[in-house]
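Each chain, letter by letter, is given below.
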Amino acid sequence: MIGTEEFWALIEASAAATAAPDERLAWLTDRLAERPADDAVDFAWRLDEARTRADTWRLWGAASLICAGLCSDDGFHYFQAWLVGLGRATFERVVDDPDALADVPEVRRLAGRSVDAWDDDEWPDWEALDYVADRAYERITGTVDGVDDAAAARGRELGVSPDPTDAEWDLDDPAELRRRYPRLATMFPLPAEEDGIGVGVWETARP
């Protein structure tokens, strides 16, 4: 069984083993594939639990601000996985106070640069973390995409998109973004309110 403590230990051990995202994924997949199939399901379950904690409009607004409004449902779902990848201490701090992303080195490196200049590995998303459990489960059992069914059989439907339950607000409101994230708003300037430009269109699309 993989409980919460061991889940975070695996995430952090992968970061200690290598800084390259693809190599971290391979490391995690290899470690899970050495274990019983139920452990791969446990890993997916713990990731889903972490995502649920990060699934808030408060955090979505901060992610949208960093990404110049380019943070769709999928984008925020992948952002949550990226935040998990930063380790438990950072995850806990940011879930509690999204403006604390201003202290995260991976975020600070993006400040002052157009999203067009970001390399793929710099984007605050880690979509492929979702695939680790499935790949390990397939190696162990030979069953493709079997983790969702296995989790459902144990009474949990794994989330596939954000579904925040806190109070929704207008993520395209520059004044509200400045009020909620004073430090991030200084690092990632917003358009002037009088310009009438929503955050979602103030940058070009991600390549």
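Residues numbered from 1 in each chain as written. Predicted model: local features only at pLDDT ≥ 70, side-chain atom pairs only at ≥ 80, totals over all residues. Heavy atoms only, no water.

A few words now on the packing of aromatic side chains. In this structure the tally under the stated criterion is 9 aromatic pairs. Between F7 and W8 the ring centres are 5.4 Å apart and the planes differ by 75 degrees, which places this aromatic pair in the edge-to-face class. Residue class for F7 comes out buried when judged on its relative accessible area of 1%. The ring of W27 carries R31 above its face, with NZ or CZ at 5.0 Å from the centroid. (Phe/Tyr/Trp six-rings, centres within 6.5 Å; stacked < 30°, edge-to-face > 60°. Buried < 20%, exposed > 50% of the residue type's maximum accessible area, 1.4 Å probe, protein only. Lys NZ or Arg CZ within 6 Å of the ring centre and 35° of its normal.)

What follows covers the pattern of salt bridges. Should their charged atoms come close, side chains of opposite charge can pair. Summed over all chains, the structure comprises 15 salt bridges. The salt bridge partner of R88 is E92, with a shortest N-O separation of 3.8 Å. With a gap of 4 residues between them, R88 and E92 both fall in helix 6 (residues 88–96), about one helical turn apart. By relative accessible area, R88 is classed as partly exposed at 25%. According to the relative accessible area criterion, E92 is partly exposed, its value standing at 28%. (Salt bridge = Lys/Arg side-chain N within 4 Å of Asp/Glu carboxyl O. Helix = DSSP H or I, 4+ residues; strand = E, 2+ residues; numbered from the N terminus.)

Looking at the protein chain, the pLDDT average stands at 92 and 92% of residues meet or exceed 70. Low pLDDT, under 50, characterises residues 194–207; the stretch is placed with 33 contacts to residues that sit more than four places away or in other chains. (pLDDT = per-residue confidence, 0-100. Contact = heavy atoms within 4.5 Å.)

Bringing helix 4 (residues 57–66) into the picture now. For helix 4, the buried fraction is high: 9 of the 10 residues fall into the buried class. If you check which residues of helix 4 are buried, you get W57, L59, W60, G61, A62, A63, S64, L65 and I66. Buried residues along helix 4 sit against helix 3 (37–54), helix 5 (73–85), helix 6, helix 7 (105–108), helix 10 (174–180) and helix 11 (182–187). Phi for A68, located one or two positions after helix 4, is positive at around 55 degrees.

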